Amino acid sequence: MTAGYLLRSLLLLILALFSANASNWLYLAKLSSVGSISDEKTCEKLRGLIQRQVQICKRNLEVMDAVRRGAQIAIDECQYQFRNRRWNCSTLETVPVFGKVVTQGTREAAFVYAISAASVAFAVTRACSSGELDKCGCDRNVHGFSPEGFQWSGCSDNIAYGVAFSQSFVDVRERGKGQSSNRALMNLHNNEAGRKAILNNMRVECKCHGVSGSCELKTCWKAMPPFRKVGNVIKEKFDGATEVEQRKIGTTKVLVPRNAQFKPHTDEDLVYLEPSPDFCDFDPRTPGMLGTAGRHCNKTSKAIDGCELMCCGRGFHTEEVEVVDRCSCKFHWCCYVKCKQCRKMVEMHTCR
Ligand SMILES: *[C@@H]1O[C@H](CO)[C@@H](O)[C@H](O)[C@H]1NC(C)=O
Ligand SMILES: *[C@@H]1O[C@H](CO)[C@@H](O)[C@H](O)[C@H]1NC(C)=O
């Protein structure tokens with residue numbers, strides 16, 4: 001073993017420690033081989049958790065399956081929202097699941113942090129309402145009759161519990177020693193913005209009671225929006241995200257817009273520190289940087305899903321592919337719909 005080898009190993013180790021990433025816990029979504037997280041030993045074996053998250057896991061075993069579902073819905077929603085963009089949120093089978101793309105303080109990282117902080121709050125709240133957990137249930141603080149004349153059911157979504165859990169579990173890394181680093185401030189801000197996307201979009205859902213749905217009595221409860229709505233809100237915040245830098249006010253460090261002419265961001269907005277790469281080319285040294293070769297594009301769109309922008313000017317090839325569709329559907333008495341299968345040729349464009 002040479003000194004050079006040792007030095008290199010040491011450097012790699014240090015690099016690995018520094019690239020340890022606050023969103024590594026999303027790897028929980030990949031652990032389908034681990035059964036239910038039902039004992040403390042399992043917490044220690046979960047890849048992607050930092051020590052303090054392992055402690056939280058041990059103290060909140062029954063909540064961990066919800067956290068895992070949260071990780072999965074965060075990844076699914078990210079892939080849906082980014083399906084037409086150069087970076088399409090594809091995951092790797094390693095930690096961190098989005099590769100190096102989220103280790104820089106970019107707009108994409110801002111989105112990933114926000115959506116995952118929201119998804120944990122969402123999944124834990126869902127688990128509370130469904131009666132799956134001993135530690136929490138419905139929010140019964142909203143009760144009695146409302147001024148509008150309906151009755152609160154007494155089983156509103158307990159978003160306060162979900163948000164508090166997300167704050168302790170997701171934010172834990174940032175609240176440690178690196179608390180005042182730019183990046184920690186950025187992550188904390190975006191985590192909070194993600195949770196706000198649920199809190200600010202709570203809705204009232206109702207059910208009618210009475211003879212044949214006459215609605216003599218209406219009971220209502222506060223419910224979270226569907227997660228798709230949360231994803232849409234955070235994606236809008238991504239599109240309008242603010243580039244920020246650190247400023248010291250007294251002894252406190254804060255993030256302020258880099259461009260002084262921009263109006264300051266609010267609690268609900270996303271912030272980022274560094275411009276994003278163009279995501280055009282595959283880069284073997286940057287895990288997760290897949291490039292856009294092979295991506296489908298839209299020949300007539302001028303937006304980012306259009307072949308011009310998606311393929312970064314490299315051009316695209318076109319092939320005719322057959323798609324099978326349902327067509328000439330007829331309603332039959334009673335009660336079913338019968339369709340034919342139609343084949344048609346469509347052009348499909350793929351980036352070079
Ligand atoms: C993202 O695009 C790559 C090609 O660049 C493709 O291999 C991958 O399947 C896509 N991922 C998703 C989630 O659509
Ligand atoms: C392609 O883009 C055009 C213009 O934006 C849009 O009208 C059309 O629906 C898109 N086609 C597909 C297959 O998405």
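Being a predicted model, the structure only gives us computed values, none of them experimental. (Residues numbered from 1 in each chain as written. Chains lettered and ligands numbered in written order. Predicted model: local features only at pLDDT ≥ 70, side-chain atom pairs only at ≥ 80, totals over all residues. Heavy atoms only, no water.)

Neighbouring ligand 2 are Asn-298, Thr-300 and Ser-301. At a separation of 2.3 Å, an oxygen atom of ligand 2 approaches a polar side-chain atom of Asn-298. Calculation on ligand 2 without its partners gives an accessible area of 360 Å², and the protein chains cover 26% of this total. (Near = heavy atom within 4 Å. Polar contact = N/O pair within 3.5 Å; in protein donor to acceptor, adjacent residues only side chain to side chain. Areas by Shrake-Rupley, 256 points an atom, 1.4 Å probe, with all protein chains shown as cover.)

So, about the environment of Glu-108. Among the secondary structure elements, Glu-108 is positioned in helix 5 (residues 107–129). The class of Glu-108 is buried, set by a relative accessible area of 3%. For the pair Glu-108 and Leu-273, spaced 165 residues apart in the sequence, the C-alpha separation amounts to 11 Å. Apart from residues no more than four positions distant in its own chain, Glu-108 is found in contact with Trp-87, Val-101, Phe-238, Ser-276 and Phe-279. (Helix = DSSP H or I, 4+ residues; strand = E, 2+ residues; numbered from the N terminus. Buried < 20%, exposed > 50% of the residue type's maximum accessible area, 1.4 Å probe, protein only. Contact = heavy atoms within 4.5 Å.)

Taken together, the neighbourhood of ligand 1 is formed by Gln-79, Asn-88, Ser-90, Gly-291 and Arg-295. In this structure, an oxygen atom belonging to ligand 1 sits 2.3 Å away from a side-chain N or O atom of Asn-88. The contact in question runs from an oxygen atom of ligand 1 to an N or O atom on the backbone of Gly-291, over 3.1 Å. Of the residues contributing to the shell around ligand 1, the split by class is no nonpolar, four polar and one charged. (Nonpolar A, V, L, I, M, F, W, Y, C, P; charged D, E, K, R; others polar.)

Low pLDDT means the predicted coordinates in that region are not meant to be read closely. The predicted model of the protein averages 89 in pLDDT, with 92% of residues at 70 or higher. Overall, residues 9–19 carries pLDDT values under 50, and its contacts beyond four positions in sequence, including any with other chains, amount to one contact. (pLDDT = per-residue confidence, 0-100.)

The next subject is the state of the cysteines. In total, this model carries 12 disulfides according to the counting rule given. Residue Cys-43 pairs covalently with Cys-57 via a disulfide, S to S 2.0 Å. Negative torsions about the S-S bond denote left-handed disulfides, and the value of about -75 degrees found for Cys-43 with Cys-57 makes this one left-handed. Of this pair, Cys-43 sits in helix 2 (residues 40–45) while Cys-57 sits in helix 3 (residues 51–59); the two residues are 14 residues apart in sequence, bridging distant segments of the chain. By the burial criterion, Cys-43 is buried, and Cys-57 matches it. Covalently, Cys-206 is tied to Cys-220 through a disulfide, its sulfur atoms 2.1 Å apart. Judged by the torsion about the S-S bond (100 degrees), the Cys-206/Cys-220 disulfide is right-handed. One end of the pair, Cys-206, is in strand 2 (residues 203–209); the other, Cys-220, is in strand 3 (residues 217–223), and 14 residues separate them in sequence. Given a relative accessible area of 37%, Cys-206 falls into the partly exposed group. (Disulfide = S-S within 2.5 Å.)

Another point: the packing of aromatic side chains. If you walk through the whole model with that rule in mind, you get 10 aromatic pairs. Ring centres of Phe-82 and Phe-238 lie 5.0 Å apart, and the angle between their planes is 75 degrees; on these two criteria the pair is classed as edge-to-face. Taken together, the residues Phe-82 in the loop between helix 4 (64–81) and helix 5 and Phe-238 in helix 8 (residues 227–239) connect sequence positions 156 residues apart. With relative accessibility at 0%, the residue Phe-82 sits in the buried group. Relative accessible area serves as the criterion here: at 1%, Phe-238 is assigned to the buried category. In textbook terms, an aromatic cluster arises when at least three aromatic residues are bridged by ring pairs, as seen for Phe-82, Trp-87, Phe-98, Phe-111, Phe-238 and Phe-279. Across from the ring centre of Tyr-27, 5.1 Å away, lies the NZ or CZ of Arg-47, which sits over that ring. Above the ring of Phe-82, the side-chain terminus of Lys-235 is found at 6.0 Å from the ring centroid. (Phe/Tyr/Trp six-rings, centres within 6.5 Å; stacked < 30°, edge-to-face > 60°. Lys NZ or Arg CZ within 6 Å of the ring centre and 35° of its normal.)

Before going further, it helps to spend a moment on the sheet that holds strand 3. Spatially, three strands are ordered 1-3-2 in an open sheet, and the strand pairing comes out mixed. Unpaired on one side and paired on the other, strand 1 (151–152) and strand 2 mark the two borders of the sheet. As defined by bridge partners, strand 1 adjoins strand 3 across two bridges and the pair is classed as parallel. Across the sheet, the residue bridging to Gln-151 is Thr-219, located in strand 3. (Pairing = 2+ DSSP bridges.)

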